[in-house]
Amino acid sequence: MENASDITTATAHLGDAHPQGAFTTVKKCITLFGAVSAIVLGVVAVMAFIGHEATSFMWIRAGILLAVTPLIYRMTVRASEGSYKAFDRVRTLSTIMPVAIISVDLIPGLCPAWYALLQGLSALALIGVAFITRGSALRAAFPEKK
């Protein structure tokens, strides 16, 4: 559980326009990630409907990535309100998830090229989040914990 001084300190830095603008952009990137994830799931459904390959891996992965989008978005909202824990989680997830998404897509024969391409596009949105959360505006708002 976070103590009150952690939240108060972070909130004091979050009142500036730069951190709030950065969080607005992060929220847009996460929304984009969710939109692309929904498109991927929709394309998998269409491909299955018309008789093309749609493996259980493709269904499950597309569903999971779409399902985590609101969770990451909520963490971002909490971070913009001053929660260091939420900020750290968003920063960590936005670093790990693109690497995992792209790495799995590079396994030969696991998924078709169109699927890997769409998943890679969703990962780009998270890469943007990773860069923004490590940028000067948010680093200043959330000084490193000792």
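Note: the structure precedes this text.
Below is a short write-up of the structure.

Rules behind the numbers
Residues numbered from 1 in each chain as written. Predicted model: local features only at pLDDT ≥ 70, side-chain atom pairs only at ≥ 80, totals over all residues. Heavy atoms only, no water. Helix = DSSP H or I, 4+ residues; strand = E, 2+ residues; numbered from the N terminus. Contact = heavy atoms within 4.5 Å. Expected span 1.5 Å × (residues − 1). Buried < 20%, exposed > 50% of the residue type's maximum accessible area, 1.4 Å probe, protein only. Core = buried A, V, L, I, M, F, W, Y, C linked by side-chain atoms within 4.5 Å. Phe/Tyr/Trp six-rings, centres within 6.5 Å; stacked < 30°, edge-to-face > 60°. Salt bridge = Lys/Arg side-chain N within 4 Å of Asp/Glu carboxyl O. Bend = angle between axes of the 7 residues up to and from the residue.

1. Concerning the environment of leucine 41
- Its place among the elements puts leucine 41 in helix α2 (residues 17-49).
- Sequence separation of leucine 41 and isoleucine 60 is 19 residues, and the distance between their C-alpha atoms is 9.1 Å.
- If we skip the residues at most four places from it in the chain, leucine 41 touches Trp59, Ala62, Gly63 and Leu66.

2. Remarks on helix α5 (residues 113-133)
- Look at α5: 30 Å from first C-alpha to last across 21 residues, which is about the 30 Å you get at 1.5 Å a residue.
- Turning to α5, its buried residues are Tyr115, Ala116, Leu118, Gln119, Gly120, Ser122, Ala123, Ala125, Leu126, Val129, Ala130 and Thr133.

3. Describing the nonpolar core
- Phe23, Phe33, Phe87, Met97, Ile101, Val129 and Phe142 are the most contacted members of the largest nonpolar core, which totals 23 residues.
- Within the residue set of this core, elements represented by two or more residues are α2, α3 (56-80), α4 (84-105), α5 and α6 (136-141).
- Leaving out residues up to four positions away in the same chain, isoleucine 101 has contacts with Phe33, Arg61, Leu65, Gln119, Ser122, Ala123 and Leu126.
- Membership of the second largest hydrophobic core comes to nine residues, among which are Val36, Met58, Tyr115 and Leu118.

4. Side note on the packing of aromatic side chains
- Counted according to the given criterion, the structure contains four aromatic pairs.
- When the centroid spacing of 5.8 Å and the interplanar angle of 85° are considered together, the rings of tryptophan 114 and tyrosine 115 count as edge-to-face.
- You can call tyrosine 115 buried: its relative accessible area is 0%.
- A connected cluster of aromatic rings, assembled from ring pairs, spans Phe23, Tyr84 and Phe87.

5. Digging into the pattern of salt bridges
- A full pass over the atoms with the stated rule returns two salt bridges.
- A salt bridge links aspartate 105 to arginine 61, with the nearest nitrogen and oxygen atoms 2.5 Å apart. With aspartate 105 in helix α4 and arginine 61 in helix α3, this pair connects stretches of sequence that are 44 residues apart. For the pair formed by aspartate 105 and arginine 61, the shared burial category is buried.
- Salt-bridge contacts for aspartate 88 lead to arginine 91; the nearest nitrogen and oxygen are separated by 3.0 Å. In this pair, aspartate 88 and arginine 91 both sit in helix α4, three residues apart, roughly one turn of the helix.
- The exposure class assigned to aspartate 88 is partly exposed, which follows from its relative accessible area of 28%.

6. Focus on α3
- Along its 25 residues, α3 runs 36 Å from first to last C-alpha, staying within 8% of the 36 Å computed at 1.5 Å per residue.
- Taking the largest bend as the criterion, α3 deviates by roughly 25°, centred on threonine 69, and proline proline 70 comes between one and four positions later.
- Buried within α3 we find Met58, Arg61, Ala62, Leu65, Thr69, Ile72, Met75, Thr76, Val77, Ala79 and Ser80.

7. Focus: the side chain of threonine 133
- Residue position: threonine 133 is located in helix α5.
- With relative accessibility at 1%, the residue threonine 133 sits in the buried group.
- Setting aside residues up to four positions removed in sequence, threonine 133 forms contacts with Val26, Phe87, Val90, Arg91, Ser94 and Leu138.

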